[in-house]
Every structure is written in C-alpha cells, then in structure tokens.
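Observations on the three-dimensional arrangement
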Amino acid sequence: MYVLLKCIYFPLYISRVLTEDGNTGTVQVGDGNVAAIDRSTSSAVTIPESIKYDGRDYSITVIGKKAFASVSYIPKISLPSGVTSIEESAFLGCWNLDNFTIPESITNIGDSAFFGA
C-alpha cells in the first residue's frame, strides 16, 4: 500500500499499515522502494504523531528502510514520540542533517541508519 498524504508542509508517503483495530492503527513510512518524502525536499521535516486515512486514525510507529535515504538537503527531522523503530539505512546519505533528536520511545535502530548523515 502506498498512500500519499498531504501533511502541513510536505507530502508524506505511507508505505505499509502495520496494525488495524477498529478505527485506529499503526503505519510505517518508507520501505526501501518508495521514499517517505520527495528527495528534493530542503526544509525541516516534522513527522506527525498520527495521520487520518479512510476514516481511521493511524499512529506512525516505524521509520522504514531507506525512508529518507539520499534526501540530502534536509537540515532537521523531528520524529513523534510514538516511533519505536528506525530501520536499516533510514537516513542514509542525509549529509545536511544537523539537527535530529531520537525519541525515548525508540527500541530499535537498524544497521547504517545514519550512515553518511
């Protein structure tokens, strides 16, 4: 599933629904095939706590494999407190990234998640 959602300042690509329960669920951004945002993005990025799609509220819990890989011009990324996993190479090659805080909720950081950042 690839869903393009318009967030406040940029489109965010949701690649996979992880769980669904009634009117709520959890989702992953990026999956190694589709980047979470347009690679030409050059402004700060704030990932929202949740998104609404098709009548359901989905919490964003996983930053998927290569979700922001080679989005080299973003200076700052803010993750919501509900994110628990940053997968392999999620921020690979984000060489301009100079402001990033890892939320306390993170329990997994994949190999090379920040290589070249």
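Going along each chain's sequence as written, the residues are numbered from 1 onward. Selection of residues for local features in this predicted model requires a pLDDT of at least 70, selection of side-chain atom pairs for listing and counting requires 80 or more, and totals for whole chains, interfaces and linings are taken over all residues. To obtain the side-chain values, all non-hydrogen atoms of the structure were used and water was disregarded.

All right, on to the overall build of the chain then. By definition, any uninterrupted DSSP run of H or I lasting at least four residues is a helix, any uninterrupted run of E lasting at least two residues is a strand, and each is numbered from the N terminus. When helices and strands are counted, the chain shows 0 helices and 10 strands. Each helix and strand of the chain, ordered N terminal to C terminal, gives the series β-β-β-β-β-β-β-β-β-β. Think of it in three bands: with a 1.4 Å probe and only protein chains considered, a residue is buried below 20% of the maximum accessible area for its type, exposed above 50%, and partly exposed in between. For the chain, buried positions account for 40% of its 117 residues. Throughout, a residue-residue contact means that at least one pair of heavy atoms, one from each residue, lies within 4.5 Å. Within the chain, contacts between residues separated by at least 24 positions form 47% of all contacts whose residues are at least 6 apart in sequence. Shrake-Rupley sampling with a 1.4 Å probe provides the accessible areas, and residues are treated as covered by the protein chains on show and by no other component. Carbon and sulfur atoms make up 47% of the accessible area of the chain, which amounts to about 6200 Å² in all.

Moving on, we get to the side chain of Ser-89. Checked against the element boundaries, Ser-89 lands in the loop between β8 (85–86) and β9 (99–100). Residue classification places Ser-89 among the buried positions, given a relative accessible area of 8%. Not counting the four nearest positions on each side in its chain, Ser-89 is found in contact with Lys-66, Ala-69, Asp-111, Ser-112 and Ala-113.

A positive phi angle is found at Lys-66, which is not glycine, with a value near 55 degrees. Judged by its relative accessible area of 33%, Lys-66 is partly exposed. A positive phi angle, close to 65 degrees, is found at Ser-70, a residue other than glycine. Mapped onto the secondary structure, Ser-70 falls in the loop between β6 (56–63) and β7 (76–78).

Strand pairing follows a simple DSSP-based rule, namely that at least 2 bridges must link the two strands. Bridge count for strand β5 (residues 50–53) against β6 is 4 bridges, and the pairing is antiparallel. By the bridge assignment, Ser-50 is partnered in β6 with Ser-59. Connecting the antiparallel pair β5 and β6 is a turn made up of 2 residues, with Asp-54 showing a positive phi of about 50 degrees.

In predicted models, pLDDT denotes the confidence assigned by the predictor to each residue on a 0 to 100 scale. Model confidence for the chain is summarised by a mean pLDDT of 77, while 68% of its residues fall at 70 or above. The spread of mean pLDDT over the elements of the chain runs between strand β1 (residues 3–6), the lowest at 40, and strand β10 (residues 108–109), the highest at 95.

This part takes up the packing of aromatic side chains. Ring pairs shown here join Phe, Tyr and Trp side chains whose ring centres sit within 6.5 Å, with only the six-membered ring taken for Trp; geometry is labelled stacked below 30 degrees between planes, edge-to-face above 60, and tilted in between. The final tally for this structure, using the stated rule, is 5 aromatic pairs. Between Tyr-73 and Trp-95, the aromatic rings sit 5.7 Å apart at their centres with planes inclined by 75 degrees, giving edge-to-face as the arrangement. Highlighted residues: Tyr-73 in the loop between β6 and β7 and Trp-95 in the loop between β8 and β9, separated in sequence by 22 residues. Judged by relative accessible area, Trp-95 falls into the exposed class, the value being 53%. Each residue in the set Phe-68, Phe-91, Phe-100 and Phe-114 is aromatic and connected to the rest through ring pairs, giving one cluster.

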